[in-house]
Structure formats: C-alpha cells, structure tokens
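Summary of structural features
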2 protein chains.
Amino acid sequence: MRKPKIVVLGAGYGGLMTVTRLQKQLSVNDADITLINKNDYHYETTWLHEASAGTLHHDRVRYSISDVINRSKVDFLQATVEDIKTDAKKVITDQGEVEYDYLVFALGGESETFGIQGLKEYAFTISNVNSARQIREHIEYQFATYKNEEEKKDERLSIVVGGAGFTGIEFLGELGNRIPELCHEYDIDRQKVRLVCVEASPMILPGFDPELVKYARAKLEQRGVEFHLGTPIKEANETGVLIAKGEDEVEEIKAGTIVWAAGVRGSSIIEKAGIENMRARVKVEKDLRAPGHNNIFVVGDSSLMINEEINRPYPPTAQIAMQQGETCASNIVALLHGKEELEEFTPDLKGTVCSLGEDDAIGLVFGKKLTGSQASFMKKMVDNRALYMVGGPSLVFKKGKFKFF
Amino acid sequence: MRKPKIVVLGAGYGGLMTVTRLQKQLSVNDADITLINKNDYHYETTWLHEASAGTLHHDRVRYSISDVINRSKVDFLQATVEDIKTDAKKVITDQGEVEYDYLVFALGGESETFGIQGLKEYAFTISNVNSARQIREHIEYQFATYKNEEEKKDERLSIVVGGAGFTGIEFLGELGNRIPELCHEYDIDRQKVRLVCVEASPMILPGFDPELVKYARAKLEQRGVEFHLGTPIKEANETGVLIAKGEDEVEEIKAGTIVWAAGVRGSSIIEKAGIENMRARVKVEKDLRAPGHNNIFVVGDSSLMINEEINRPYPPTAQIAMQQGETCASNIVALLHGKEELEEFTPDLKGTVCSLGEDDAIGLVFGKKLTGSQASFMKKMVDNRALYMVGGPSLVFKKGKFKFF
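Calculation rules
- Residues numbered from 1 in each chain as written.
- Chains lettered and ligands numbered in written order.
- Predicted model: local features only at pLDDT ≥ 70, side-chain atom pairs only at ≥ 80, totals over all residues.
- Helix = DSSP H or I, 4+ residues; strand = E, 2+ residues; numbered from the N terminus.
- Rg over C-alpha atoms; globule rule 2.2 N^0.38 Å.
- Buried ≥ 20, exposed ≤ 12 C-beta atoms within 10 Å, placed from the backbone.
- Contact = placed C-beta atoms within 7 Å.
- Least-squares fit on C-alpha atoms with pLDDT ≥ 70 in both.
- Pairing = 2+ DSSP bridges.
- Axes fitted to C-alpha atoms, helices over the stretch in contact; angles between N-to-C directions.
- Nonpolar A, V, L, I, M, F, W, Y, C, P; charged D, E, K, R; others polar.
- Domains from an automatic or database assignment.
- Right-handed = clockwise from strand over helix to strand, strands pointing away.
- Expected span 1.5 Å × (residues − 1).
- Core = buried A, V, L, I, M, F, W, Y, C linked by C-beta atoms within 7 Å.
- pLDDT = per-residue confidence, 0-100.
- Parallel < 35°, antiparallel > 145°, perpendicular 65-115°, else oblique.
- Left-handed = near helix turned anticlockwise from the far one by under 90°.

Here we come to the overall build of chain A. Within chain A, the regular secondary structure consists of nine helices and 27 strands. In summary, chain A has a C-alpha radius of gyration of 22 Å against a globular reference of 22 Å for 405 residues, a match within 12%. Each principal axis of the C-alpha atoms in chain A carries an extent, and together these give about 75 × 50 × 45 Å. With 405 residues in all, chain A has 49% of them scored as buried. Of all intrachain contacts in chain A linking residues separated by at least 6 positions in sequence, the fraction that spans at least 24 positions is 64%.

With that settled, consider the relation of the copies chain A and chain B. Between chain A and chain B, the superposition needs a rotation of 180° and an axial shift of 0.0 Å, giving an RMSD of 0.1 Å. Look at the turn and shift together and you get a two-fold axis relating the two. A shared interface surface links the copies, since 100% of the contact residues of chain A are contact residues in chain B too.

Here we take up the sheet that holds strand β6 (residues 81-85) of chain A. Residues and elements named next belong to chain A. The antiparallel open sheet is built from three strands, whose spatial order is β6-β7-β8. One side of each edge strand has no neighbouring strand; the edge strands of this open sheet are β6 and β8 (96-99). Direction aside, the axes of adjacent strands within the sheet are offset by 20° on average. Sheet topology places β6 next to strand β7 (residues 90-93); four bridges connect them, and they run antiparallel.

Right, let's talk about the interface of chain A and chain B for a bit. On the chain B side, the residues contacting the 13 residues of chain A number 13 residues. Tallied by class, the residues present in the side of chain A that touches chain B amount to three nonpolar, six polar and four charged.

Now for the domain arrangement of chain A. Looking at the assigned domains, one finds that chain A contains domain 1 (5-38 + 79-111 + 264-349) and domain 2 (119-260). Here the C-alpha centre of domain 2 of chain A lies 34 Å away from the C-alpha centre of domain 1 of chain A.

Another aspect to go through is the pairing of strand β13 (residues 195-198) of chain B. Residues and elements named next belong to chain B. Residues Leu195 and Cys197 point to one face of β13 and Val196 and Val198 to the other, with burial holding for every one of them. What joins strand β12 (residues 159-162) to β13 is helix α5 (residues 166-185), and the crossover it makes is right-handed. Summarising the sheet, β13 and strand β14 (residues 225-228) pair through four bridges and their orientation is parallel. In the sheet register, cysteine 197 faces β14, and the bridge partner there is phenylalanine 227. Once you follow β13 into helix α6 (residues 210-222) and on to β14, the crossover reads as right-handed.

Between its first and last C-alpha atoms helix α4 (residues 129-148) of chain A spans 29 Å; for 20 residues at 1.5 Å apiece the expected length is 28 Å, and the two agree. The buried count for α4(A) comes to 19 of 20 residues, which makes it a mostly enclosed element.

So, on to the nonpolar core. Counting 233 residues, the largest nonpolar core has Leu9(A), Val259(A), Leu9(B) and Val259(B) as the members making the most contacts within it. Beyond its immediate stretch of four places on either side in the chain, Leu9(A) contacts Gly15(A), Ile36(A), Val81(A), Val91(A), Val104(A), Phe105(A), Ala106(A) and Leu107(A).

All names here are of chain A. With respect to topology, three strands assemble into an open sheet ordered β15-β16-β17, the strand pairing being antiparallel. The open sheet has two free edges, formed respectively by β15 (233-237) and β17 (249-254), since each of these has just one partner strand. Taken over all neighbouring pairs, the strand axes of this sheet differ in orientation by 20° on average, direction set aside. In this sheet, strand β16 (residues 240-245) lies alongside β15 in antiparallel orientation, the contact comprising four bridges. If you follow alanine 236 over to β16, its bridge partner there is valine 241.

This brings us to the confidence of the model for chain A. In the predicted model, chain A carries a mean pLDDT of 94, and the fraction of residues at 70 or more is 99%. Here the predicted complex scores 0.90 on pTM and 0.83 on ipTM.

Here we take up the environment of Ser66(B). Tracing the backbone through its elements, the reader meets Ser66(B) in the loop between β4 (62-64) and β5 (74-78). In this structure the C-alpha to C-alpha distance between Ser66(B) and His42(B), which are 24 residues apart in sequence, comes to 9.7 Å.

A word on unusual backbone geometry. Backbone geometry at Ala280(B) places phi at a positive 70°, although glycine is not the residue there. Tracing the backbone through its elements, the reader meets Ala280(B) in the loop between α7 (268-272) and β20 (282-283).

Residue and element names in this part refer to chain B. For glutamine 142, the location among the structural elements is in helix α4 (residues 129-148). Under the C-beta neighbour-count criterion, glutamine 142 is labelled buried, with 24 such atoms within 10 Å. On a C-alpha basis, the gap between glutamine 142 and threonine 257 in space is 8.2 Å, while along the polypeptide they are 115 residues apart.

To continue, consider the pairing of strand β7 (residues 90-93) of chain B. Consecutive side chains of a regular strand alternate in pointing toward one face of the sheet and then the other. Residue and element names in this part refer to chain B. Taking the residues that link successive antiparallel strands as the turn, the strand β6 (residues 81-85)-β7 hairpin has four residues, and the phi of lysine 89 there is positive, at about 50°. Summarising the sheet, β7 and strand β8 (residues 96-99) pair through four bridges and their orientation is antiparallel. The residue of β8 that forms the bridge with lysine 90 is glutamate 99. The hairpin formed by β7 and β8 contains two residues between the paired strands.

Remark: α4(A) packs on α4(B), axes separated minimally by 8 Å, with the N-to-C direction vectors making an angle of 160°. Here α4(A) lies roughly antiparallel to α4(B), going by the angle between them. By crossing handedness, the relation of α4(A) to α4(B) is classed as left-handed. Taken together, the residues of α4(B) that come into contact with α4(A) (itself represented by Asn130(A), Ser131(A), Arg133(A), Gln134(A), Glu137(A), His138(A), Glu140(A), Tyr141(A), Ala144(A), Thr145(A), Lys147(A) and Asn148(A)) are Asn130(B), Ser131(B), Arg133(B), Gln134(B), Glu137(B), His138(B), Glu140(B), Tyr141(B), Ala144(B), Thr145(B), Lys147(B) and Asn148(B). Along the lines of polarity and charge, the residues of the contact of α4(A) with α4(B) split into four nonpolar, twelve polar and eight charged.

What follows covers helix α1 (residues 13-25) of chain B. All names here are of chain B. Taking 1.5 Å per residue as the helical rise, α1 with its 13 residues ought to reach 18 Å, and the 18 Å between its terminal C-alpha atoms agrees with that figure. Counting buried positions along α1 yields eleven of 13 residues, so the element is predominantly enclosed. Listed as buried for α1 are Tyr13, Gly14, Gly15, Leu16, Met17, Thr18, Val19, Thr20, Arg21, Leu22 and Gln23.

For the rest of this paragraph, the subject is the packing of α1(B) against helix α8 (residues 318-336) of chain B. Residues and elements named next belong to chain B. One can describe the packing of α1 onto α8 by two numbers: an axis separation of 7 Å at closest approach and a directional angle of 35°. Considering how the two elements wind past one another, α1 and α8 form a crossing that is right-handed. Here Tyr13, Gly14, Gly15, Met17, Thr18, Arg21, Leu22 and Gln25 of α1 lie close against α8, whose contacting residues are Ala318, Ala321, Met322, Gln324, Gly325, Glu326, Cys328, Ala329, Ile332 and Val333. Split into classes, the residues belonging to the contact of α1 with α8 amount to ten nonpolar, six polar and two charged.

All names here are of chain A. By secondary structure assignment, the location of glutamine 117 is in the loop between β10 (110-111) and α3 (119-122). Among the residues examined, glutamine 117 registers 14 C-beta atoms within 10 Å and is labelled partly exposed. With 116 residues separating them along the chain, glutamine 117 and isoleucine 233 place their C-alpha atoms 9.2 Å apart.

Here's what the structure looks like:
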C-alpha cells in the first residue's frame, strides 16, 4: 500500500514544530514526511533584530535543521518553493517537483511596504539571516566610511527605523547598546549619531499596556532615540526619508541607513497558487486548513485568525506559530487515522515580552506587568522555551541565552 | 633666556623616534619640544595591510602617543598641519599657528595615482587606520550584500589589488587567510571569490631576490591569487578596472573592491610650503636638512636619499625612517650645543622581510635567505623591534606580536 505523503514547506517556528511533532507521533510506516526549506538551517526570526544590530552573532540565531529532525522519518529537501499546483497536488521548487497528499504551508511572511515610494530600493528589512548580516555590515561600513572621508557627512551615521511595533522597538533597543560600541570602535563621538524612529500611528507598540509603553519610550529616549509618532514615511530615497508634517508639509530626515520594520504580509506563493487570501494571508478554518482545501494546512505568519474578543487578527508571533504547529501535526495524524473530527485551534496567550536591549525589557506575562531586568530575564526564558519546544534540552544548551557570571 | 623651540611634525616612525631620542638627550631647560600629529595615536604603517584585510584588529596596530612621550619634556598638540611659513618660522595648523626654531618634517608619504583615471574615486588605499578600517568593512559589506541580493553578482566578491610591491603582496597574503574566514562567515563558496593582482612591471616585489620572489608568487598562487604582470591599470571605474593587454587592447576585470597599493609620493605640505622637492619628497643633505634650510630636517617618506651603490633612491621604509629619526635628534642636540659639524646619515640595512600571511614570509636578513615560518618569525621580530626602539620593553609587551601556545 502506498504511504501518504506529507510535505511541510518552511522550517520556521510553525513548520519545524509541525515536523518535530509529526516525527514523534508517526512511525516510519505511517507516512512519508518531507520538509522543504530554502536554507539548511532554521533561524530565530524573533532574534534577528539582535543579529541586525550586531549585538548577537548570526550563528547564534540559527541552528542546523539536521540537528532537530529524525532523518529516518523525515526527508529534508533544501530548495526554494516557487509555486503550488493544488489540483495536481504538487509543489514546484527550484530543485524539481514534489508530490503531496497533505501539505503544510509554513513559509512565513514577507515585508509589506504599502506602496511607499523608494522603500523597496532604499530600505533594509529585518527578514532573515542574510538581510540581518547585511544591515549589520551596512551600519558598520557607514561608520568606517565616515571616519575615512575628508568631508564628514554626519547624516551617514543617522539610522532611521520605520515602524514602532515589536521589531522596530526591539531593534532600537539593541542599537542603544551597539552604537556606543561602534563609536568606540571607529573613534566617533556618540553625539554625532542619530537614532530616529518614524511611526505612522500615534503611539509605539500599539495594543501593549500603556504604562509599559511609557516605560519603554522613556528608556529608549534616555538612550538617544528620537520618536516621530503619528508621522508616516512618504518616501525613501538615496539620502534618507521624507516624513509627513501636518497636512501638506514634508520634512526630510537624512540618514545613511533606513530600516523598514513596519509591515508584514503573507507569502506571495499563496497568491501565486491561487489560494483564497487577504494580503497573502489565508483566513484559515478553525482546524487550520485553507478554505476549500481539505488537505492544505496553513500555519504561522501566512495564516490569518481573528481574535473574536476584540474582533481583530491575532498578531503574527512565534508563540502562535508554534502552537499552530502542534495542532496541525495532531490534525494530520487524525486524518491519517481516518478521523473526521479535527481539533480546533485556540491560541493560549501566555504573554508578551518586548526587549529594550541588554538587561532591559517590558512584558506582560500571565497577566503580570514586568520591566527592567526581570522582564529581560523572562524574554530570555521565552527564547529558550522556543528552543526547548523544537529541540529539547540539548538545543537549549547549544543555542540558549544564558549569562554565566 | 628664551629656550629654543623644536617642533616635530608627525608621529610616524621617523617623527616619534626623533621625539623619543630628543627627550632622552635633552633636559627640560635645554629646549621646548612640541610634537604635532593629526591623531592622538601612532600607528604601524607596516602593519596596516593586516588591519585592512581584517586579520588584525586596528587597535592592535596603534598605540597612544601619550604612552611613549615624556609629558614634562614634550608638548603634544593634536592638530592637522596645513602649511609651513619657512620665512616666518611658523607652522599653520587647524588649531592655530606654532612657531619653531628647529623643525622636523616627518609627515610621511601620500598615495600616488600617476594620473590613472578613476583611481582616486574608485580605489581604496592602505594609508592609515581610518582607510584600513574602511577597506576591511567594505570587503565584509560586499560579502554580506552578495548573500542577501536576489540576483547574485559574483564580481562583487572580486578584489583587485593594484601593485605587486611590498604593500600589495603583504595585503594579498593576508587576504589569502581572510577570504576563507569570510566565506565561512557568510556561507559563500570560496571558488566564487577572485583575488587579482595587477602590476605594470613584469615581476612582483621588484628588487627582491629572484628565488624568494618565485617562492612568494607560487605560495600566493596556491592560495588563489591571479597575477597580471607587465599589465598597467588603464582606468578604474564603478564596476572594476580596465587593464592593458598587448598594444591597444584593454580587458575589463569586474570587481567590487579595488585597492591601489602601488605608488607613494611625499607630503603635499612640502609642495605647499615651497620647499624644493621631487614629487613632494625632499632630496635631503647628508645631515638630513632640507637644501637651503639650515633649521629644517626631513625624515621618513618625505625625504629622498640616493643609494649611490645602485644610483637609485632608497625605498621609503620604517627601518630607514627610524634610523633617520635617531640621526636627526643627535643633529638637533649638536646644533643646540653650538656645534657646526653634523652627523652624516648612512642607512644600516639589516634586511627585509615580506609577509605572505599567517606563518609564511620571505626575507633576506643579514644576507641570509629565509622562507616560511622562519621568515615569518623574523618578520614578527622586526615588528617587535620597532616597538622596542620607540617605547622600550613595556610597549613590546603591550602591542608586540607573540603567539602563546
């Protein structure tokens, strides 16, 4: 009898959790499991702001996929997914076609620039290991160039971060630590460096507890971050950004580095494959399947789920992606066993911690507000927990965040 | 009675040796000694190829001037020299004017591009700490960008070094070590990276022993360096260099990094001050004074001396600059003591060692040919000796080149 083929696309939080749960719950004879990923490593998307700022080496934010999959049960194919033929039940990759009976779509999100002119060309995004390395090196190159150029362009040292959501704020927190180090490395006065955050909405970290938000803003301002809130970016260009001031006016902020950390949309492969979507995200059924596709599950940033309490979508977080992975794996196992009733996914929100750099953070954990080193400790525990969920204690030991005093 | 004012311009090998010798030989009452330098640190020009390649941190190639001068005898002014008014006996700096009775000109050399189109705009030079840091970061940024760009431009990873003299060859030797590290850091195949040396003369290291030259070339070729000898660079531009092939043909070598390591001339301040010169170098008298100026000494790369044995100028080396500093100090002391007969300078050439990267080098030391780790050891001893001459054993201990096994 032909074994059913399960194909998982993407080795992010959602995909990898699905695969590691499947390999626990299925025997070799139950199914053929294939994991397809562009790189041979998983990276911690939620740690990329550290690699981008240069406060954590990029090798610390990734681990080899072969470290966490069971090769006797899972085939790994390093390939880039190009399209999905849902009728023919085939995935098209740059390494050839792969057939599936069950598909788990976990390719994550993509940056969304909302059509703002010049962002694609002139702004970096904190998207993956490659882009994080490039941001780190770009900033460092600006400092090196500044020190060696005859006519000093101070604006070369300015960094504009578009977006005061999680990624933008956490990145600014890391820069608060990194900039003094860079100034020391290149003999540059700290006062020459501007850190500017531009955000269209009137507040930072929308949706977060106001008291904690106030703490975060004050701490970042102390470390030299300027905020321009309620201020959309109108354009990015070679020399910086134009921001809206009042009704018709624009103001120029010159900057050698622009990082766009504001928008996330789903994967463009969703659109290409013709699966029903909203900005490339699939509003999944309660069992995580794509509407109209009883053999396609979507987990992580390309899935869309409404939090009915507030009638707004759940944010695209690692926490939810991992929980989805667990449910997705159970549901595939149930389908293989011929069950018709599948598990409904409900997020179990344990809390959220936003890092503000070394030994500082804000967090709401199990309903409790935390700031400073307590929150920072919790952040590290959250990060370590993600490692634990996928790779057990040995992965925490290899890649975990600890300080040895 | 007014104390005579001795002003030393530049804290390179020649200037710093002059000052440290003067402070030993003169008492506080003998003279006012002022050292003027752009930076508050000295850097080892002969180690800059390592900082440029990124194999040695730039803080290892510099030390604070205050570590080696005696503040009770020497005033240090951090300033950029802009001109010298020899009639008025004044030095013009960006921090004001400084009067002198005796002047030691030791501002070093500048890069010479021989009017080759585009070199000034598109090529880096290994000139100082700032330019070395920029080269290091530029190369690293090219690697980071390559890995993050959608359409890979392989030429981004190519490095063209113009010049196969000492600096060019030593820099290529370091790159031979550094490139594999960078490839590992950015997940890039070593085969994608080209190291190209373009030299107008038909051989590398002109003037060096042919047997050693052959060894050097073979070793560098083994580590992936391509040589284009007898091949002048015609033009540098945004995408690379054009090199001469045969009579009328040119060939393009695309490269993300161009380093010009071929020409050295004297200081443009010499020309500005109207002191008689050849390509900004002063053909000094045997006592190291500038012709027609009995109170101006010129040492180091801005001085020109003919080796009468071969009727060619001595090369601009640290060894000669330091020896000149010693003679220059003695001669100033003699003048202060009213002596008319000054010491004639004769270089004491102990040998030359050219590094080829980690644990490899070629050298001719006291007439003996050395290669490999023996030569490499000698090179480190030469480097340590320079530290010893200026700052004694404590400076060797702080900044010396050792390996602790």
